[in-house]
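Letter by letter, the chains look like this.
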Amino acid sequence: MSDDAHAPHSLFRRRLMQGLVALPAAAMLPRAAWAASPATAAVNTTGLAVTDDTVTVGILHSITGTMAISETGSVEAEKLAIAQINESGGVLGRQIKIIQEDGASDWPNFAEKAKKLLASDHCAAVFGCWTSASRKAVLPVFEQYNGMLYYPTFYEGLEQSKNVIYTGQEATQQILAGLDWVNRTKGSKSFYLLGSDYIWPRTSNKIARKHIEAHLTGCKVVGEDYFPLGHTQFNSVINKIKLTKPDVIYAIIVGGSNVAFYKQLNAAGIDLSKQTLLTISVTEDEIVGIGGKNIAGAFACMKYFESLKNPNNEKFVPAFQKMWGANTVIGDVTQAAYLGPWLWKLTAEKAGSFDIDKIVAASPGIEFKGAPEGYVRIHENHHLWSKTRVGKALVNGQYEVVYETSDLVQPNPFPKGYQ
Amino acid sequence: MLAGYSLGELGSIMAMQGFAGLILFSVFVLMALGLAVIFGQMGVINMAHGEFMILGAYVTFLTSKLFTTYLPQAFGVYFFVAVVLAFIVAGALGMLVEWALIRRLYKRPLDTLLATWGLSLILQQVYRSIFGAREVGVDQPDWMMGAMNITNSIQIPINGLIVMVLTTFIAIGVYLLIFRMGWGKQVRAVMANRAMAGAVGIDTERVDRITFGLGCGIAGIAGSAFTMIGSTSPTAGQLYIVDTFLIVVFGGAASLAGTIASAFAISQARSTLEFFLSGSMAQVIVLLAVIAILMIRPQGLFVLKVRR
Amino acid sequence: MTFLTRKDMLWFVVLALVLLIVFPLGLETFRLNLFGKYLTYGFVVLGLVLCWGDAGILSLGQGVFFGLGGYCMAMFLKLEASTPAATKIQSTPGIPDFMDWNQLTALPAFWQPFHSLAFSLVAVVAVPTLLAFGIGLAMFTRRVGGTYFAIITQAFAAILTILIIGQQGYTGGVNGMTDLRTLLGWDIRTDHAKMILYFVNAVLLLGAALLSHVVRRSKLGRILVAMRDKEDRVRFSGYNVAHFKIFVFCFAAALAGVGGAMFTLQVGFMSPSFVGIVPSIELVIYCAVGGRTSLLGVIYGTVLVCAARAAFSEAMPQLWLFAMGSLFILVVVAFPTGLAGVYRTYLDPRLDRLLPWLGRGRAPTTATVERPMHAAAME
């Protein structure tokens, strides 16, 4: 093993070591730059876990089970954000303490752990959940115990809760700009919609279909297909695509199925440099598994790509890779997860309190100028104003940004005319 | 949905669809063969089958990394090395597990099911600790990617062809091993009557260990092959396990021919229905059909006549 | 015939005290609610004692029955939560939200009866029982058993999960049925309601344990054990083995259905993650840890494993799978009789010496039923 960077064993060991070392290191950072820290009684009137110098938050993601593949990045981003906040003096003069729980890819378990974090640990905020199913499972818990959840994933919308800040995009934000772009620049007229069979792809495709049929002149949907989660065989649908010859394949396939789909698409001789494929579910994280060669040429529509050029991102990416390993990639959801702790800190400081009701009241209008994606602001409906971008997948597993909306796109979780 | 297409177009789609069915068939056989060997010959259900497959996939991943680092000029053929290594590693682990765990439980076959389930949890966490929770990307040499153009409009996936060839070799190999060689005779003798086989001088423990190792080794090969068509992650084994069990159950668990017949039936039904219906719907219909048939014929398609 | 010996009585009272007094006093409300959830699995493992421990039929599909019971309850609660007033933002008010998301515009016919609580409660027991009857009839009359039966039930679990997930317009899909609020106007989400539901659950569980005990001590229970140990002899004695197997399988399914319904009430939602292979196997493991031939043992085993699991995953979220996996292997290899076996070997004799009056009045059948069951697992 002469060359560390290429030898798989030592690479993994190093990544593991870094992960293990980073946690205590983050906790032991010098508590420099104390902000004027207000009295505990003043910032916490509802019995949250706040002491004179610490405040406790929860991280609730799956680190075991099938969803661990996707949720690992979110955990890493949240830990990075919290470490950075602690380094810069904490929140209201208090260092953030983390209690991490494992959702284990099991929705009832998420509800159980959420209850523990709120009822037993009295966390001031919880950063977590990934799938819609886990969010739906914990939502009643957060509403009952009046907790605060920062939820990072792009999702289907149709939801708004005072106890949740949605730091990812809801479906219309993510979908409409991309469809308009592909129609405008590629002149695409016919679309084949694909998805994994659950609520997010189904709702997203419904919105896409309404938009294609009602707002894009002369465009039509030539096929729509759903596959069970974890499906690994796509040859039949690929033949169907070959038969219908759509201008655009619109794919919302998730998880392990993704890898199978793109590998088989490539193997079936569909060349993504000639056939336009637009996806809203493949981030840089997924490309690691898929392999850059299999997906190069595809377009993805989301709000963040690792390759984004702006001063915030140029600081964020090295910081992330310093903490979690030089080869770790950062996808859209990872970045959205990074926003959570920062938005919470800014909100708490504006509210001058950790009390949930005050956080809720102070949330609308909170701006985060240091966001790696550029600039975000919390809307009254608890979603974020954000730009939408289209990236083109490259062989090296990165996206090249080819389009970005000129303005922030308004979040609209209950879109009129798209239901 | 077939209106409005020319005959030529339809012809080539049908040809490709036929291949899609055959590829699915090969994938299913490859998945189920290891499990069927162990269950059919030993009556043991290996719940960690999926994890042995993923072990093969990770071995392939490591092999590809080693080749890129030390033998980049030979990267084109790394896959064959990886298949062999996957067989050896998964087989060795299988024999180890047999020695440490399974042999203590032959009198309680239902309990092996629970023990191997515990094993599968441990293996998943081992993979996660070593390789990280994320998927790993297994690179393939260029010749293994893309499609082979048979005519202008008929393209056959190369990775599918490789799976087909591999499956054929392994199926023939297993057939020869079990039905044509002396060792296979011993295996079958042990299965038919363990006590009597022992009495005539067959080392039943050794036969068991090698059979279990063989089944796990085949799972390793399957995992290695599936790096071409699917994902490699600590929990990817779970993606295959449901189909695998269905095939073995439907085939009538004690019979290798039954496994192959059932893989054929399910793959053809699935592949055809998927073409005409949505993927989810196709799977639902196939599963309902499987239930209906199991209700009528609970022993599965093929039953081995054994005196109990 | 005495169904309860003094010692049975003692241990039953101890369990009742633990469930009804020790847990409620010793645990904070949130933990108590968790333990309430664990106790719903208790119904399933009681069924497994009869089905697996006594009759030697291992079903890896108990999650199916648990899930069906839970879904029947959830359908009623969901309909109650989906009043036109509560769902007025939907394009079709008055139907459950997931139907609206899936473009359904009317309540499907098979949902209609679930407006009635009485019907739903009957369905909680009847639906799992009928399915078990169907499976049992097909399998046992053709003498399918042993490992093969186990994996067929497992295939059923897999198939049903895929069906539920695939038909999300009718079932809520992966998300399941969430946001259940009230039972006949009574808010089930408050701490007070959770407390009451815990007691209802505990009392029902004790009742189920008693009922199972009665079944085991009856002549039927002895036939089950006889079947497990020498099926052919029972058959040749003129009994129809299949009928007994079908009965015990249905009995276990009915209990599991009740557990599922209690689960839905206490947790506030039902999702397909309770129907599949994984939960079904976990339920069997709880049973194995407790000791598969002891009704009270499996209840303690279930609570213990679930609590250990929560503790492991809180203490070392990265590594708890190692701990659980090792526990399973250890129990199966080293302690096949589980906690109850440890008790019988080490504690019971001492207890007899210490409190000799307990030993008197022992029912004559005890020895047969609780014989170590080395042959249990085989056909």
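Worth saying up front: this structure is predicted, and the values here are computed from it rather than measured. (Residues numbered from 1 in each chain as written. Chains lettered and ligands numbered in written order. Predicted model: local features only at pLDDT ≥ 70, side-chain atom pairs only at ≥ 80, totals over all residues.)

Quick question: what am I supposed to make of the overall build of chain B here?
Helix and strand counts for chain B stand at 11 helices and 2 strands. Listing the helices and strands of chain B from first to last along the sequence gives α-α-α-α-β-β-α-α-α-α-α-α-α. Its C-alpha atoms give chain B a radius of gyration of 20 Å, near enough to 19 Å, the size a compact globule of 308 residues would have. Seen along its three principal axes, the alpha-carbon backbone of chain B occupies a region of about 70 × 55 × 35 Å. A burial count over chain B gives 61% of its 308 residues as buried. The long-range fraction of contacts in chain B, counting pairs at least 24 apart against all pairs at least 6 apart in sequence, stands at 76%. (Helix = DSSP H or I, 4+ residues; strand = E, 2+ residues; numbered from the N terminus. Rg over C-alpha atoms; globule rule 2.2 N^0.38 Å. Buried ≥ 20, exposed ≤ 12 C-beta atoms within 10 Å, placed from the backbone. Contact = placed C-beta atoms within 7 Å.)

I'm lost on the overall build of chain A in this one. Help?
For chain A, the count of helices and strands is 14 helices and 15 strands. Along the first, second and third principal axes, the C-alpha atoms of chain A reach 70 × 60 × 40 Å. Across the 419 residues that make up chain A, the buried fraction comes to 61%.

Would you take a moment to explain the interface of chain B and chain A for this structure?
Accessible area lost when the parts come together is the quantity often used to give the size of an interface. The interface is formed by 47 residues belonging to chain B together with 43 residues belonging to chain A. Within the residue set of the side of chain B that touches chain A, elements represented by two or more residues are helix H1 (7-42), helix H2 (49-70), helix H4 (109-131), strand E2 (155-157), helix H5 (158-180), helix H9 (237-251), helix H10 (256-276) and helix H11 (279-296) of chain B. Top element by residues in the side of chain B that touches chain A is H1 of chain B. It accounts for 8 residues. Tallied by class, the residues present in the side of chain B that touches chain A amount to 21 nonpolar, 19 polar and 7 charged. (Nonpolar A, V, L, I, M, F, W, Y, C, P; charged D, E, K, R; others polar.)

Explain the interface of chain C and chain A here, please?
If you look at the interface, chain C gives 28 residues, while chain A gives 31 residues. Listed by contribution, the elements that provide at least two residues to the side of chain C that touches chain A are helix H2 (29-54), helix H6 (146-166) and helix H13 (295-315) of chain C. Tallied by class, residues from the side of chain C that touches chain A come to 11 nonpolar, 13 polar and 4 charged.

Would you take a moment to explain the confidence of the model for chain B for this structure?
Atom-level detail of predicted coordinates should not be read off regions where pLDDT is low. Residue and element names in this part refer to chain B. When pLDDT is averaged across chain B, the result is 87; 96% of the residues are at 70 or more. At the low end of the mean pLDDT range in chain B sits H11, at 82; at the high end sits helix H3 (residues 78-100), at 95. Interface confidence for the predicted complex, expressed as ipTM, amounts to 0.88; the pTM equals 0.88. (pLDDT = per-residue confidence, 0-100.)

For this particular structure, what's the right way to read unusual backbone geometry?
Leaving glycine out, the prevailing phi sign among residues is negative, and the prevailing peptide bond configuration is trans. At leucine 92 of chain A, a residue that is not glycine, the phi angle is positive and equals roughly 50°. Mapped onto the elements of the fold, leucine 92 of chain A is located in the loop between helix H3 (68-87) and strand E2 (95-102). By the C-beta count within 10 Å, which is 22 here, leucine 92 of chain A ends up buried. The phi torsion at aspartate 179 of chain C lies on the positive side, around 60°, for a residue other than glycine. Among the secondary structure elements, aspartate 179 of chain C is positioned in the loop between helix H7 (168-171) and strand E1 (182-183). By C-beta crowding, aspartate 179 of chain C is classed as buried, having 21 other C-beta atoms within 10 Å.

Would you explain the sheet that holds E2 of chain A in this entry?
Backbone-to-backbone hydrogen bonds pair the strands of a sheet. The strands run either parallel or antiparallel. All names here are of chain A. With respect to topology, 5 strands assemble into an open sheet ordered E2-E1-E3-E4-E5, the strand pairing being parallel. Edge positions in the sheet fall to E2 and strand E5 (164-166), since each has one partner strand and no second. Pairwise comparison of adjacent strand axes, ignoring direction, gives a mean angle of 25° for this sheet. Where strand E1 (residues 54-61) meets E2, 8 bridges bridge the pair, whose relative direction is parallel. Across the sheet, residue histidine 61 finds its bridge partner in E2, namely aspartate 102. Along the sheet, helix H4 (residues 107-120) contacts E1, E2 and strand E3 (126-128); its crossing angle with E1, the most-contacted strand, is approximately 180°. (Pairing = 2+ DSSP bridges. Axes fitted to C-alpha atoms, helices over the stretch in contact; angles between N-to-C directions.)

Mind showing me how you'd approach the sheet that holds strand E9 (residues 276-279) of chain A here?
Residue and element names in this part refer to chain A. Judged by pairing direction, the sheet is mixed, and its 7 strands sit side by side in the order E7-E6-E8-E9-E10-E14-E15 without closing on themselves. Of all strands in the sheet, those bounded by a partner on one side alone are strand E7 (220-227) and strand E15 (399-404). In this sheet, adjacent strand axes meet at a mean angle of 25° when their direction is disregarded. With 5 bridges connecting them, strand E14 (residues 389-393) and E15 associate as antiparallel partners. Paired with valine 390 across the bridge in E15 is tyrosine 403. With respect to the sheet, helix H8 (residues 235-244) is in contact with strand E6 (190-196), E7 and strand E8 (248-252), its orientation differing from that of E7 by roughly 175°.

Hey, could you run me through helix H14 (residues 320-334) of chain C in this one?
A rise of 1.5 Å per residue sets the reference length of H14 of chain C, with its 15 residues, at 21 Å; its end C-alpha atoms lie 21 Å apart and thus fit the reference within 8%. Along H14 of chain C, the positions that sit buried rather than exposed are Trp320, Leu321, Met324, Gly325, Phe328, Ile329, Val331 and Val332 of chain C. In the core, the buried residues of H14 of chain C are packed alongside H4 of chain B together with helix H12 (277-290), H13 and helix H15 (338-354) of chain C. (Expected span 1.5 Å × (residues − 1).)

Can you help me understand the environment of glutamate 101 of chain A in this one?
Among the secondary structure elements, glutamate 101 of chain A is positioned in strand E2. The exposure class assigned to glutamate 101 of chain A is buried, which follows from the 25 C-beta atoms found within 10 Å. Each C-alpha atom, one on glutamate 101 of chain A and one on leucine 117 of chain A, is 8.2 Å from the other, the two residues being 16 residues apart in sequence. Beyond its immediate stretch of four places on either side in the chain, glutamate 101 of chain A contacts Gly58, Leu60, Lys113, Lys116 and Leu117 of chain A together with Glu314 and Pro317 of chain C.

It is not clear to me how the domain arrangement of chain A should be interpreted in this structure. Could you clarify?
All names here are of chain A. The domain architecture assigned to chain A consists of domain 1 (15-169 + 308-385) and domain 2 (171-302 + 389-404). For domain 1 versus domain 2, the distance between C-alpha centres works out to 30 Å. Contacts between the two partners involve 17 residues from domain 1, matched on the other side by 17 residues from domain 2. If you list the elements that add at least two residues to the side of domain 1 that touches domain 2, you get H3 and helix H13 (332-351). Its residues assigned to classes, the side of domain 1 that touches domain 2 comprises 7 nonpolar, 8 polar and 2 charged. (Domains from an automatic or database assignment.)

Would you take a moment to explain the confidence of the model for chain A for this structure?
Residue and element names in this part refer to chain A. Per-residue confidence for chain A gives a mean pLDDT of 88; residues scoring 70 or more make up 91%. This stretch, residues 1-17, has a pLDDT under 50; its non-local contacts, to residues over four places away or in other chains, come to 15 contacts. Note on residues 19-35: pLDDT under 50 across the span, and 13 contacts to partners over four residues away in sequence or across chains.

Just to check I follow, could you spell out the packing of H2 of chain B against H9 of chain B for this structure?
The packing of two helices is summarised by the inter-axis angle and the distance between the axes. All names here are of chain B. Contact pair H2 / H9: the axes reach a minimum separation of 8 Å and the direction vectors enclose 130°. With respect to H9, the element H2 is oriented oblique. In this structure, H2 meets H9 at a crossing whose hand is right-handed. The segment H2 lies against H9, with His49, Gly50, Glu51, Met53 and Ile54 engaging Gly237, Gln238, Tyr240, Ile241 and Thr244. Residues belonging to the contact of H2 with H9 are distributed by class as follows: 4 nonpolar, 5 polar and 1 charged. (Parallel < 35°, antiparallel > 145°, perpendicular 65-115°, else oblique. Left-handed = near helix turned anticlockwise from the far one by under 90°.)

Quick question: what am I supposed to make of the environment of histidine 215 of chain A here?
Residue and element names in this part refer to chain A. By the secondary structure assignment, histidine 215 is in helix H7 (residues 199-215). Given 14 C-beta atoms within a 10 Å radius, histidine 215 is considered partly exposed. Spatially, the C-alpha atoms of histidine 215 and leucine 339 are 33 Å apart, while their sequence positions differ by 124 residues.

Sorry if this is basic, but what is going on with the pairing of E1 of chain A here?
Look at any regular strand and the pattern is simple: side chains alternate between the two faces of the sheet. Residues and elements named next belong to chain A. Burial analysis of E1 places 7 of its 8 residues in the buried class, which makes it a mostly covered element. Since E1 and E2 lie parallel, the crossover through H3 that links them has a hand, and here it is right-handed. Pairing geometry for E1 and E3, over 3 bridges, is parallel. Bridge pairing in E3 links isoleucine 59 to phenylalanine 127. (Right-handed = clockwise from strand over helix to strand, strands pointing away.)

Teacher, can you tell me more about the environment of isoleucine 170 of chain B here?
Residues and elements named next belong to chain B. Mapped onto the secondary structure, isoleucine 170 falls in helix H5. With 122 residues separating them in the primary sequence, isoleucine 170 and alanine 292 have C-alpha atoms 31 Å apart. In this structure, isoleucine 170 is in contact with Leu30, Leu33, Ile218 and Ile221, ignoring residues within four places of it in sequence.

Got a minute to help me understand H13 of chain A in this structure?
Within an α-helix, residues lying three or four positions from one another point in the same direction, as the helix has 3.6 residues per turn. The end-to-end C-alpha distance of H13 of chain A, which contains 20 residues, comes to 28 Å, matching closely the 28 Å that a straight helix rising 1.5 Å per residue would cover. At the C-terminal side of H13 of chain A, glycine 352 of chain A shows a positive phi close to 70°.

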